[in-house]
Amino acid sequence: MTLTASKQSPRVAVAGGGLMGRLLAWRLALRGLDITLFEAGSLERPGGACWTAAGMISPLSELVHSERSVYELGLRSLVLWREWSGCLQLLCGSPVGFRQAGSVLVAHGRDRSELLHFQRELQAKLDAGELGQVRAVAATELYELEPALAGFEQGLFLAPEGDIDNRRLLPVLLEVLRRLRVSLREECPVACEPFTIFEGDRRQEFELVVDCRGLGARDRVPGLRGVRGEVLVVETAEVQLRRPVRLLHPRYQLYAVPRENGQTVIGATEIESEDMSPTSLRSCMELSSALYSLNPAFAEARILETRVNCRPATMDNLPVVEGEPGLVSVNGLYRHGYLLAPALAERVEQLAMRQVQLLA
Ligand SMILES: Cc1cc2nc3c(=O)[nH]c(=O)nc-3n(C[C@H](O)[C@H](O)[C@H](O)COP(=O)(O)OP(=O)(O)OC[C@H]3O[C@@H](n4cnc5c(N)ncnc54)[C@H](O)[C@@H]3O)c2cc1C
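Residues numbered from 1 in each chain as written. Predicted model: local features only at pLDDT ≥ 70, side-chain atom pairs only at ≥ 80, totals over all residues. Heavy atoms only, no water.

**Student:** Please clarify how helix 8 (residues 281-294) should be interpreted in this entry.
**Tutor:** Spacing of three or four residues puts side chains on the same side of an α-helix, whose turn is 3.6 residues. Along its 14 residues, helix 8 runs 20 Å from first to last C-alpha, staying within 8% of the 20 Å computed at 1.5 Å per residue. Of the positions making up helix 8, those classed as buried are Ser 283, Cys 284, Leu 287, Ala 290, Leu 291 and Leu 294. Along helix 8, the residues classed as buried sweep out an arc of 145 degrees about the axis, all on the same side. Of the exposed residues in helix 8, those oriented more than 90 degrees away from the buried face are Leu 281, Arg 282 and Met 285. Residues of helix 8 that are buried make contact with strand 5 (103-106), strand 14 (225-235), strand 15 (245-247), strand 16 (254-258), strand 17 (263-267) and strand 18 (302-313). (Helix = DSSP H or I, 4+ residues; strand = E, 2+ residues; numbered from the N terminus. Expected span 1.5 Å × (residues − 1). Buried < 20%, exposed > 50% of the residue type's maximum accessible area, 1.4 Å probe, protein only. Arc of directions from axis to C-beta. Contact = heavy atoms within 4.5 Å.)

Written out as structure tokens, the structure reads:
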């Protein structure tokens, strides 16, 4: 059932029309709230990290370098993405490109210790009942999973992992917001205070403000920083992966995420800098040579796009969800936006509903 806001519905402002803002605007509009979404840039072509990302949903791969809470939220997100991607497709008629076909990790023979090390680190962070999610695979099984990785003798298969095509999802969310009659304000940078949105000198009152401005929320989130990331998008008919693949390497890590029409998203650099200038030659060379080493047939792939953006990160690289009367904020999704957004949206939805019910 689709709900639309009535005249008496509580008025909620969502600041930031990136991944988190769109998801929350959708979830809260479904609850019958009267939503206004404020976005500093364009909604058709967002300037935030969400548009640049590769869209991997990798709770296990990310666990090695992050907290267990990220893993647990990631598992919850996978359940929600499965459910919500179906709902969004029903509402809008277009698929959002969610896939849960697992992911494969490989290392070249000389870097075999990287794979072993990764496996041990990951298993050390899992409970006994969770170890079955990590499967070491030898050449034959690896070939069955990913024929394009024929040159590798062993790998790891992480069956629960998934990915989502952000360049499909974000326009679908926008269309759904239009259908739910969410009021959309683009090219409209705002500041947030409890119960209040400031559009320049103009002050607007709401029953609740939800702050999802990513890096734009520095005025309210102490220590928020940007972490530069670069990805390439290549196209070839010569080689097609079936699922996200990670290459472990002592100096850098590459992932390759297959998309439609022979396209592959390759990423990502991670540089402690807020520089948003175009992709460097070094990053381009490292990413493309690592891709070439996965399968030499990538040599003739055409580079369609280079993308750069900064991930919004807190000092401990963990997300923050905070609520005070009249204001809820969610930020610091770092390199885990697609991994965490649905599970965090679920929490924020509860916080927001509690606040508007208290006011009723
Ligand atoms: C190279 C790269 C690869 C990535 N790959 C992955 C991946 O594979 N998997 C994964 O889970 N995550 C990935 N991420 C991380 C993910 O993109 C982010 O965590 C996610 O986009 C954060 O979502 P957000 O909505 O908080 O912020 P954003 O997506 O940055 O959105 C914030 C929005 O707020 C708007 N805004 C800013 N200031 C204002 C203002 N004053 N008023 C109104 N609007 C404002 C911005 O224009 C923007 O649209 C990647 C990121 C990068 C850069």
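Structure shown, so let's carry the discussion forward.
**Student:** I tried to follow the pairing of strand 19 (residues 320-324) on my own but got confused; where do I start?
**Tutor:** Both faces of the sheet carry side chains from a regular strand, because those side chains alternate between them. Pairing geometry for strand 19 and strand 20 (residues 327-331), over five bridges, is antiparallel. By the bridge assignment for strand 20, Glu 324 is matched with Leu 327. What sits between strand 19 and strand 20 in their antiparallel hairpin is a turn of two residues, with Gly 326 showing a positive phi close to 90 degrees. (Pairing = 2+ DSSP bridges.)

**Student:** Can you walk me through unusual backbone geometry in this structure?
**Tutor:** Leaving glycine aside, a negative phi is the common case for residues, and trans is the common case for peptide bonds. Residue Gly 267 is joined to Ala 268 through a cis peptide bond whose omega torsion reads -25 degrees. Within the secondary structure, Ala 268 sits in the loop between strand 17 and helix 8. Look at Arg 181: it is not a glycine, yet its phi comes out positive at around 60 degrees. Structurally, Arg 181 can be placed in the loop between helix 7 (166-179) and strand 9 (183-185). Even without being glycine, Asn 317 reaches a positive phi, approximately 60 degrees. In this fold, Asn 317 is placed in the loop between strand 18 and strand 19.

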